[in-house]
Amino acid sequence: MSQSLRGKVAIITGASSGIGEATARLLSQQGCKLALAARSHEKLAALAAELPTDCLVVRADMTQPADITGMVKRTLERFGRIDIMFANAGIWIRGQFAEGDLDDFSELLKINVDAVLRCAHAVIPGMKARGAGDIIVTSSISGHHDLHGEPVYSASKNAAQTIVHTLRRQLAPAGIRVMSLAPGPVANPMQGLWDPEEIRRATEIDRDYLSSDDCAEAILFMLTRPPHVTIRDLVMLPQIDRV
């Protein structure tokens, strides 16, 4: 039997577009109170205005530790607790490593790895005190299958998988679930796809991309499993798999 999310408090990073935005919409429909975090305050404010539940808008840069600390502090001040941390913010860089910009690679690692660690670390004390909580990380198929065209991105997602697998064991006795969603290609702004018709074609006709809504529905499934069930990894691929 699934569990209700009504009244639960969730932080979603990278909430201004893509998987984060789609998940925010779906969790709000389920009755969750949300802290929406991203770099773009304007986009977050517009999203919050459309959602049916109480939302806190937090402009936060995941490369800045103080922003992450402040995001968690503001959420606790507003809602009193945090039930769900969805560490979703991430960036994607592909191409030849030797021709890449090391500063860009460094930023990728800060967002895809360091920010995940900091987001989890910041919410664990409160979750332990209550004996319950969910931490979900947006990983990637490249965290399970190294892709030679995106070496640093693959490395970051391998790191994310290791964090999930090891932290899960440490926190399970405290009633905290740690899980990862690992999708293949998703038709969203990270892939340079914004136009709804292009997205529909990529997902429904060519069927070589997932949609952000597909991923949000997977997140909902993971969160609504009974407390004794942990979906450690949910790997999703489009029907036409080109990975």
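Note that the structure is a prediction, hence the values are computed from the model and not measured. Sequence order sets the numbering: in each chain, residues are counted from 1 along the sequence as written. With pLDDT at 70 or above as the cut-off, local features in this predicted model cover only qualifying residues; side-chain atom pairs require 80 or more to be listed or tallied, and sums for whole chains, interfaces and linings still use all residues. Note that the side-chain values use all heavy atoms of the structure and ignore hydrogens as well as water.

Caption draft 1: Representation of the sheet that holds strand β7 (residues 233-236) within the structure. One open sheet accounts for seven strands, arranged β3-β2-β1-β4-β5-β6-β7; its pairing is parallel. In the strand order of this sheet, the two ends are held by β3 (55-59) and β7, each with one partner. On average, each strand axis in the sheet is inclined to that of its neighbour by 15 degrees, with strand direction left out of account. Pairing between strands is defined by DSSP: at least two bridges between the two strands are required. Secondary structure elements are taken from DSSP: a helix is a run of H or I of four residues or more, a strand is a run of E of two residues or more, and numbering for both begins at the N terminus. As paired strands, strand β1 (residues 9-13) and strand β2 (residues 33-38) are joined by five bridges and run parallel to one another. Paired with Ala-10 across the bridge in β2 is Leu-34. Contacts from helix α1 (residues 18-29) reach β1, β2, β4 (84-87), β5 (133-138) and β6 (176-183), with the element oriented near 165 degrees to β1. Every residue pair with non-hydrogen atoms within 4.5 Å of one another is taken to be in contact. Fitted lines through C-alpha atoms serve as axes, helices being fitted only where they are in contact, and the angles separating the N-to-C directions of these axes extend from 0 to 180 degrees. Together, β5, β6 and β7 form the strand contacts of helix α5 (residues 151-171), whose direction differs from that of β6 by roughly 160 degrees.

Caption draft 2: Looking closely at the nonpolar core. Note on terminology: a nonpolar core comprises buried Ala, Val, Leu, Ile, Met, Phe, Trp, Tyr and Cys residues joined through side-chain atoms within 4.5 Å. Partly exposed residues are those whose accessible area sits between 20% and 50% of the maximum for their type, while under 20% is buried and over 50% is exposed, using a 1.4 Å probe and protein chains only. Leu-27, Leu-34, Leu-36, Leu-181, Met-222 and Leu-223 are the most contacted members of the largest nonpolar core, which has 36 residues in total. For this core, the element with the most residues is helix α7 (residues 212-223), which contributes seven residues. Among residues more than four places away in sequence, those in contact with Met-222 are Ile-136, Arg-177, Met-179, Ser-180, Leu-181, Ile-231 and Leu-234. With 34 residues, the next largest nonpolar core counts Ala-115, Ala-160, Ile-163 and Leu-167 among its residues.

Caption draft 3: Molecular detail of the pattern of salt bridges. Criterion for a salt bridge: a side-chain nitrogen of Lys or Arg within 4 Å of a carboxyl oxygen of Asp or Glu. A full pass over the atoms with the stated rule returns 12 salt bridges. Two residues, Arg-25 and Glu-50, come together in a salt bridge whose shortest N-O distance is 2.8 Å. You can see Arg-25 sitting in helix α1 and its partner Glu-50 sitting in helix α2 (residues 41-50), a full 25 residues away along the chain. Taking the shortest distance from any N to any O, the salt bridge between Arg-39 and Glu-107 comes out at 3.0 Å. Here Arg-39 is found in the loop between β2 and α2, whereas its partner Glu-107 is found in helix α4 (residues 102-130), with 68 residues between them in sequence. A network of salt bridges, in which partner residues are shared, links Glu-21, Arg-25 and Glu-50.

Caption draft 4: Structural view of the packing of helix α3 (residues 65-79) against α4. At their nearest, the axes of α3 and α4 sit 10 Å apart, and the two run at 30 degrees to each other. In this structure, α3 meets α4 at a crossing whose hand is right-handed. For the pair α3 and α4, contact is made by Pro-65, Ile-68, Met-71 and Val-72 and by Ala-115, Arg-118, Cys-119, Ala-122 and Val-123, respectively. If you view the pair so one helix is near and one far, a crossing is left-handed when the near helix is turned anticlockwise from the far one by less than a right angle, and right-handed when it is turned clockwise.

Caption draft 5: How the structure looks around α3. One fewer than the residue count of a helix, multiplied by 1.5 Å, yields its expected span. For α3, with 15 residues, the first-to-last C-alpha span of 21 Å sits near the 21 Å given by 1.5 Å per residue. Along α3, the positions that sit buried rather than exposed are Ile-68, Met-71, Val-72, Thr-75 and Phe-79. The buried residues of α3 all sit within an arc of 90 degrees when viewed along its axis, so they share a single face. Facing away from the buried surface of α3 by more than 90 degrees, the exposed residues are Ala-66, Thr-69, Lys-73 and Glu-77. For α3, the secondary structure elements touched by its buried residues are β1, β2, β3, β4 and α4. Following α3 by one or two positions, Gly-80 adopts a phi angle in the positive range, close to 90 degrees. The arc in question is the one spanned by the directions pointing from the helix axis to the C-beta atoms.

Caption draft 6: Inspection of the packing of aromatic side chains at higher detail. Classification of ring pairs uses Phe, Tyr and Trp, with its six-membered ring standing for Trp, and accepts pairs whose centres are within 6.5 Å; under 30 degrees between planes counts as stacked, over 60 as edge-to-face, and the remaining range as tilted. Scanning all chains against the criterion turns up one aromatic pair. Relative to Phe-105, the ring of Phe-97 has its centre 5.4 Å away and its plane inclined at 15 degrees; by these criteria the two rings are stacked.

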